[in-house]
Structures are given as C-alpha cells and as structure tokens.
Amino acid sequence: MPLEPGTRLGPYEILSPLGAGGMGEVYRARDGHLGLEVAIKVLPEAVAQDPDRLARFQREAQILAALNHPHIAAIYGLEKSGPVQALVLELVEGDTLADRIAVGPIPLDEALAMARQIADALEAAHERGIVHRDLKPANVKLTPGGKIKVLDFGLAKAVSGDRSSPDATSSPTLTGRDTEAGIILGSAAYMSPEQARGRPVDKRADIWAFGALLYEMLSGRRAFDGDTVSDTLAAVLMKDPDWNALPARTPKNVRKVLRRCLERDRDKRLHDIADAKLELDEAPEPDQILHDATSEIATPRRRLSAGLPAALAVLFALLAAAGWWSALRKDAKPAEARATALTVALPESDQIPFDDSPVLDISRDGRQLVFVSDRDGTRRLMVRSLDRVGARPVAGTERAYSPFFSPDGQWIGFFADGKLKKIPSAGGVPIVLAEALNNRGGVWLSDDRIVYAPEFSTGLMRVPAGGGKAEVLTTPDTAGGERTHRWPSWLPGDDSVLFTIGTLKNPGSYNDARIAVFDAKTNKIRVVLTGGSMARYAPSGHLVYVRSETLMAAPFDARRREVAGDPVALSDRAAGDPSSGIIYAAVGGDGTLAYAPIAETSNGSSLVLVDRAGKSRPLPAPPRPYHYPRFSPDGKRLAVTIGLGHGNRDEVWICDVATGGLQRLTFGDENGNYYPVWSGDGTRVAYSSDRGHQGIFWKGADGTGAEEALYPDARPDLPSDWSRDGKTLAFMRNYPTTEAWTISLADRKESPVEINSATPVFSPDGRWLAYTVLPGVDSPAQVLVKPVEGAGKGGKIQITSDLGAFPVWTDKEIVFLSEKTLVAIEVQTQPTFQAGTRRELFETPYERSEMPLRNYDVTRDGQTFVFVRGASDRTRNIVHVVLNWSSGLAREAPAKR
C-alpha cells in the first residue's frame, strides 16, 4: 500500500514518493537520528509476505550492503514496520541516464567519462561475485556534481518474483527465481541473449548491458529495439546494432569495445569489464585528438559539469582554438613533430590529492609519468609508462609526497614520514637519505646529488643520492625580505638549479615571488625573473612557471642564465595551490608536458565534522571558500573565514553547526577580516583585519554593537586564543616569521611568550600556554608549554619528540598535528603541568595550512573536530599529457633579437 508523507518506518519519516517499479515503491525519507535524507524502497508484497523469499532477500541484501564504492548507490540496511518491509538506500539526487539520453546523443568525451565510471562500479561488484542483472539507463543516475551512481545493484536477484513486466524499458522482467534455466530476468532492451533465452547468467550479462548503454549514449538510440517486448527480444537474439548510427569520430578502440561487449556468443564476449576499461583508457589517435579539441573549445564551461573528467581530457583545447596549436608549430616545417594529447585516468577509488606539494613529475626522456594517488586516505606513488596502458602502484611509497625522477628514470625521489627517500621506479624498499619534515620539493641532478627544500621557511640543501651528509646551499635573506627558498628544478648542465624565493611581504601569495638560479660552481644566487613561482625549464629555451594561477612562459638563455624575452600567459586551466606557489604540472626534458586539470565543478570548499575515530560527516553548509573554522565555547556555532584566507576579500561569518546556516559578522568593504577567535563566554569574536596594515578587532558574536580595535593604531597581529575568563588574548605578531605574545585586555599590557613561535593557546584554567616553535634547518616544529606568568622568562616544557604543530587545548588534552596525523596528549595543570598518555587519533586528509595559520578546531570536550575539505581535496583522477608540447613555444614566446 502507498505510504503517506509523515508515515514513520522506525527512525525514518516518509517525506514524499520518488517512484515505483517492479522492485517496489520508492520514497524520500528523513533519518530522525542523523537528520539525513535517504531513499526508502518498500518491497513488493509477494516478497515481504513470503518467508522463504524474504529470508533469501535478506541474505542477498547483506551481501549487497557490503558494496562500498563511489559509483554504487549504497544500501544502508533493512527496516520493518508492521507488514511493511523496506530497504534503506542512499538518496541520489539528479537525472537518470535515460533522462540525459532523451535529450539526444551524449558527446564522445562525456559519454566515455560516464562509461568509465559505470565500468568502475561493475568491476567492484563483479570482484565480490555480484552481478547487476538489470543494468539500464533508468538505473544510472547523474549527480549534480557530475558523478555517476549505479542504482539497484543486485536487487533483481534479491527481489526476483513471479511477475513479468510488459514494458521493455522499465523495471526488470521477473518471471521466476534467480538465474535458473527457463527464467527471464532483466529489461528486454538491455538483457543479454542468454537472459532472453532464460539461461543462467554471469557477469558477462552485465558486460552486454554495458555495451548496450554505451551504444545508446553515443548514438542516442537503443542498440536493440522493437514495438513490443517480443520484437525487442527478437532484436536481441537476431539483429546487429546499426553501427553506422555511431558518431563518425568514434575512435576505433571504442568501436572495438562495443563489438566485443555485444558479442552474442558469450564465450567470445569480453570476459571482464576491466578489459573494457583498459580499451576505453587507450588514447585516441593524434588526428582524432585534434578533431576533438577543435570541436570542444566552443562548448561553454557550464556544459562540462556532467562529464567533467573526460571533458577535461581536452583541457588544453586552447591549443586548438585560441592559437596554441598554430603557436606550437614552427613556420614552414612540415616535418616538425606535432603536439598531441592523451589522458591518464584512474578509477575514483584512487584519487590524486591536491594539497600544498607537487603531485606529479615526468621523466627527462618524457617516457614515464609519476604521480601521487590516494586510496582510502593512504597515499602512494603511481607510475605510468606512456607507451603502456594503465598506471601501476610503486610498492614501498606509502604516505608519499612530491615525487621526482632521477635523470635516467630508474629511480624516484620522494618525501614521506618526514624524510627524503628514494626508491627504484619499479618499486622495492625505500632508502632514507635525509630529514625533511615539511618538504618544499626536490630535484635529482646528473651528478647524482639531490637538491631539496626540507621545510616551509628554510633554504635549499643538497645530499648525495647514494647517501651521505646533507649540506646547506642557500639561506633566505630575511633582512632583505625573503621568507623561503623552495621548488628546486634542473637546468641543462646541472651546475645550476632553478628555485623560488617567497617574500615576507606577501606570505599568502607568490605573485611577487622571485625565480632565481643557484650556481653550484660559485655558490651564488641570481634572480632571473620577478613575479612568478615554480619554474621548469623547457628544451625549447623557455622557463615555464606559474603566476596568478596561470601557466606562463618566458624565453630563457640557459647558457647565460637570463631571461631573453617577454613572458606570455599560456593557460589558466592547470590546477595548483596559490598559497604555496605551485602548479600541478611538470615539463620533461623532451618537451612533454604533464598537468592535473582544475576542478570545473567546484563551488568552493566544505566544512567537515570528524569524531575521534576519524569518521567524518559534512556540515550542512553551502560550498564556500572556507578557512580557519573555530568552535564557539558551547560547540554549537563556528566562526569561520570565507574568502581567500588572508587578503582583502575575506570576511568572518558565523555558521550554525546543526543547520549549516550562515550569518555574516564583518563588513570590511575593501578591508579583509579573517582568522577569528571566540571570547571565553562566546559573546564576542576577535579577528584580524588588513585595514591600514594589520590589526586585531572584535565585536559581538550576534552581530550587534560596534567594532572595537585592540590598539588605536594598526599592528601586524593575528589573534590566536582568548582565555576562558576573558581577561587575556594570545596573539601572533610579525606574520609569518611570528612571535607569540599575550595581552591583558584590562590595561593593554603585552608580554612576549617566545620569538620564532606561533599558535599560542590557553589551558582551561588560564595558567599555561601551549604553542608551536617554528621549524629550523635541522629541527622540526615542536609543541611546547609554558606558564603564563613565566612567559618570556623560560620554564618551558617540550611535549613532542618528533614533528608537532597547531596545538589546541581541550578540557583534558592538548591536541596537535604531527605530519598528517592528529595526536592527543592527556595533560594536567594542577598543581603543576604534567603530560600523560599520547594517542594518535586519525589521519587528516583535509585542507592543509601553512604555518602559522591553523585550519582546524576541536570542541572543548575533545570529541568533535572540524576541518576544511577544499576543492583541492575532492576526487582527482585525471592527468593530462601533451607530447611535443614545447615544440612551438619559440613562436608563442619569442626571444628578443
């Protein structure tokens, strides 16, 4: 019987009907415990009231519930209320694939991107012995974020009853049990010949249906169709699809996949969906890529969302339509190599994590690509030989960052566990070479030495690749305004190294950074370009670098070590991290470019609540560029920066934790306001403002009342914590080199805590301060504790032995970050300070911040954490490679004569 809105099934309240089919009526419902919306599928009465079938269904449902895959709609459980038996399912918003096909054929790149995701889902299920049996467009959803979700996995078997559907395009035709001989199970237009004949089926039935789906996506028409179910079944058994209905530009390998999937003899059919994936991942022929790129450039960006990953396969389509392809061809040289593109794609179970370190490199000969991949929070390196299909994991590279090849491509240098390491490209046992707790890149030179940046704010160091003592090469000139030396890369001859000099003036931006050359023979530094970061040398005689998130190129005389012409902007379509001055791109010694694309679908970051076991749930706030969330004392609200995080477009907002509602607190016009902290009683919020230069202000947390400045004149300060009694504010001065201070709000008397330190926070009783001592060349960041009354007079206690930073003091613990892990140390402050048990809580695969800006918080009881999951943390599973990319840069960015 139909369920009315308001009806309750256990903790679930029915909200509205979603649809009905042969496998039951479906409703939208709300979970009363978690406040989340789910889909409720009420089982047919024939199943719910048949004890044998119900028991078998429950067994099948338990198996199906074990499927956990980003492209499979999840089964949460079974719910019984009176005579009603229902499945609790993941609620997937969006149109079905049937809705999308009804509009017309799907463009090739979008269709292939969707097909890969469907194949990923099938592969995951088949590995567990689960066959869908009813794969059809109506059972595939396209989410608003552009992802595929396959619905009703295995339910055709679980629900199998005694009724037949006369509609070949809707619910499964169910005329008996399971897959016994004589039983037809599935929708006629997509069922395999063996299904149509009532014979037993296996995963090859899904492969047939996959082929029928892909054909229909590309052509806009069914592969097998008829006026009646009988006519449709006859077409399945007797007729071939009209292959001429496929788009003329359909690549040969895609046509091959279709024919192999739709082979009537299942012994000749593809035996595994992974084989189809490999074929689809094959790069189209060069002429086909050029054709695709030319046709795609006229497509508005908003149309790319539904098929984002494959649409980005032509990310440098500007090469075709905006002049790049002509610029990358030298005049009147018909034999010149032409730039061609290919895409390296991963299933979404493997993600390319975007953070503040490089994620990829390409070998000097351009034949190998290495990139960082993340699966279930575990990072590792993957290598793809460009003459092979598919990438392979490199064993021994767990928790890896910033990979780079040796000159011969036989080794990979990388950073992990606070160390610089190397490993054979084929995998093996990693070899530790040096300490490098917060790396900022490395390069392996032909003299078999590695130059690397070990920390956020240090210079470059060098160590023999075979092992040995590390030596300091450069030191930032802080008196001259330098903050960091980072992102080293090679130049021809290997007697010099390119690197980036970040400035103290604009620590959150690298638009005024300087690109310099370190001469290993003379030990001298020469600035060659101002206004850019992360330079890479292209064999065409150019420096390729990033400025304002745009890929740039400037002619460069490698012999004289100087820029030889005006820079030009190439593209803003490669992803990067502007706060660290990087772009996720690399240039091989043969002129091959590899890059990770920007996220077209991203509308900003999100706020994530995490418990002590690491289990996360999104806070129901809209996507925004969030930074520096801070819990109110009662844990019910957040003060959070929305904007760039450190500049004139930032404002402080108040977010309700339960509802996600946002209320703007500050109105700075051209002056940004950011980095909030709560007063001890939760009535006020202090924040930093860039008006004048930089100062601390506060106002009522409810938005009422006027702003109040901490000082009459602006000072370069950032608030860090407010004592619970409301009497004292801890702050940081001279960002980003930073000194920790406290100030009495009664008389504005200041007290230094320690120089070269940051992030001071008060103990609950206000008697102690925990803070971070900033890292040096030979020492990592550490967490120390000092009595408030003794601040500036010694008496400090170090509570970390390895890396520790960004402490937060809860009622009973000090919580801090150690590399990528959140750690809690039990502490007591009466009668004196004493540290107790140390516990590693969970890894934090969330948006990182650069010292001293803490980008997470924890409630006073230590039970709930909040992090920022940025666009940089969403799924990334594509790297684009452009062969012979630099061959025409001389025309695009010519040297001065």
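Attention here is on the structure that accompanies the text. (Residues numbered from 1 in each chain as written. Predicted model: local features only at pLDDT ≥ 70, side-chain atom pairs only at ≥ 80, totals over all residues. Heavy atoms only, no water.)

Considerations on helix α4 (residues 108–127)
Line of reasoning, step 1. Look at α4: 28 Å from first C-alpha to last across 20 residues, which is about the 28 Å you get at 1.5 Å a residue.
Line of reasoning, step 2. Burial runs high along α4: 18 of the 20 residues are buried.
Line of reasoning, step 3. Where α4 ends, the next residue or the one after it, G129, has phi of about 80 degrees, a positive value. (Helix = DSSP H or I, 4+ residues; strand = E, 2+ residues; numbered from the N terminus. Expected span 1.5 Å × (residues − 1). Buried < 20%, exposed > 50% of the residue type's maximum accessible area, 1.4 Å probe, protein only.)

Here we look at the sheet that holds strand β52 (residues 757–762)
Line of reasoning, step 1. If you walk across this open sheet you meet the four strands as β52-β53-β54-β55, and the pairing is antiparallel. Two strands in the sheet have a free side with no partner beyond their single neighbour: β52 and β55 (797–798).
Line of reasoning, step 2. In this structure, β52 lies alongside strand β53 (residues 768–773), joined through four bridges in antiparallel fashion. Bridged to S757 within β53 is V773. (Pairing = 2+ DSSP bridges.)

Side note on the pattern of salt bridges
Side chains that differ in sign of charge can pair as their charged atoms come close.
Line of reasoning, step 1. The final tally for this structure, using the stated rule, is 39 salt bridges.
Line of reasoning, step 2. Taking the shortest distance from any N to any O, the salt bridge between D857 and R854 comes out at 3.0 Å. (Salt bridge = Lys/Arg side-chain N within 4 Å of Asp/Glu carboxyl O.)

Re helix α8 (residues 229–238)
Line of reasoning, step 1. Every buried residue belonging to α8 is among T232, L233, A235 and V236, and all of these are buried. Along α8, the residues classed as buried sweep out an arc of 155 degrees about the axis, all on the same side. Every exposed residue of α8 that faces more than 90 degrees away from the buried side is listed here: S230 and M238.
Line of reasoning, step 2. Buried positions along α8 lie against α6 (193–196) and α7 (203–219). (Arc of directions from axis to C-beta. Contact = heavy atoms within 4.5 Å.)

Brief notes about the side chain of S632
Line of reasoning, step 1. Relative to the helices and strands, S632 resides in the loop between β40 (626–631) and β41 (637–642).
Line of reasoning, step 2. Of the residues examined, S632 reaches a relative accessible area of 3% and is grouped as buried.
Line of reasoning, step 3. A polar side-chain atom of S632 sits 2.6 Å from a polar atom in the side chain of D634.
Line of reasoning, step 4. Residues in contact with S632, not counting those within four places in the same chain, are R637 and W678. (Polar contact = N/O pair within 3.5 Å; in protein donor to acceptor, adjacent residues only side chain to side chain.)

Some thoughts on the pairing of β52
Line of reasoning, step 1. By the criterion of burial, β52 is predominantly enclosed, with six of the six residues buried.
Line of reasoning, step 2. Between the antiparallel neighbours β52 and β53 lie five residues, among them G766 with a positive phi of about 75 degrees.

Details of the nonpolar core
Line of reasoning, step 1. Among the nonpolar cores identified, the biggest contains 54 residues, and L97, I118, L135, F153 and F210 are the most heavily contacted of them.
Line of reasoning, step 2. Among the elements of the structure, α3 (97–103), α4, β8 (140–142), β9 (148–150), α7, α8, α9 (252–261) and α10 (273–281) are those that each provide at least two residues to this core.
Line of reasoning, step 3. The greatest single-element share of this core, amounting to 11 residues, is contributed by α4.
Line of reasoning, step 4. Filtering out sequence-adjacent residues up to four positions away, L97 remains in contact with I106, M114, I118, P137, V140, L213 and M217.
Line of reasoning, step 5. Within the second largest apolar cluster, 41 residues are counted, among which are L369, L386, M534 and V546. (Core = buried A, V, L, I, M, F, W, Y, C linked by side-chain atoms within 4.5 Å.)

Some details on the sheet that holds strand β42 (residues 651–656)
Line of reasoning, step 1. A sheet is described by the order of its strands in space; here four strands give the open sequence β40-β41-β42-β43, paired in antiparallel fashion. The sheet is open, and its two edges are formed by β40 and β43 (662–664), each paired on a single side. Put simply, the sheet's adjacent strands are angled 30 degrees from each other on average, direction ignored.
Line of reasoning, step 2. Pairing of β41 with β42, which is carried by six bridges, proceeds in the antiparallel orientation. Counted as the bridge partner of L638 is C655 from β42. (Axes fitted to C-alpha atoms, helices over the stretch in contact; angles between N-to-C directions.)

Digging into the environment of A714
Line of reasoning, step 1. Within the secondary structure, A714 sits in the loop between β47 (708–709) and β48 (717–722).
Line of reasoning, step 2. On the accessibility criterion, A714 (41% relative accessible area) is partly exposed.
Line of reasoning, step 3. In this structure the C-alpha to C-alpha distance between A714 and Q694, which are 20 residues apart in sequence, comes to 5.5 Å.

Re the environment of T810
Line of reasoning, step 1. Its location among the elements puts T810 in the loop between β56 (805–809) and β57 (813–818).
Line of reasoning, step 2. Given a relative accessible area of 1%, T810 falls into the buried group.
Line of reasoning, step 3. Distance from T810 to Q863, taken between C-alpha atoms, is 9.4 Å for residues 53 residues apart in sequence.
Line of reasoning, step 4. T810 has contacts with R724, P764, V815, V858, T859, R860 and G862, leaving out every residue within four places of it along the chain.

Bear in mind that shape data such as this cannot, by itself, settle questions of function.
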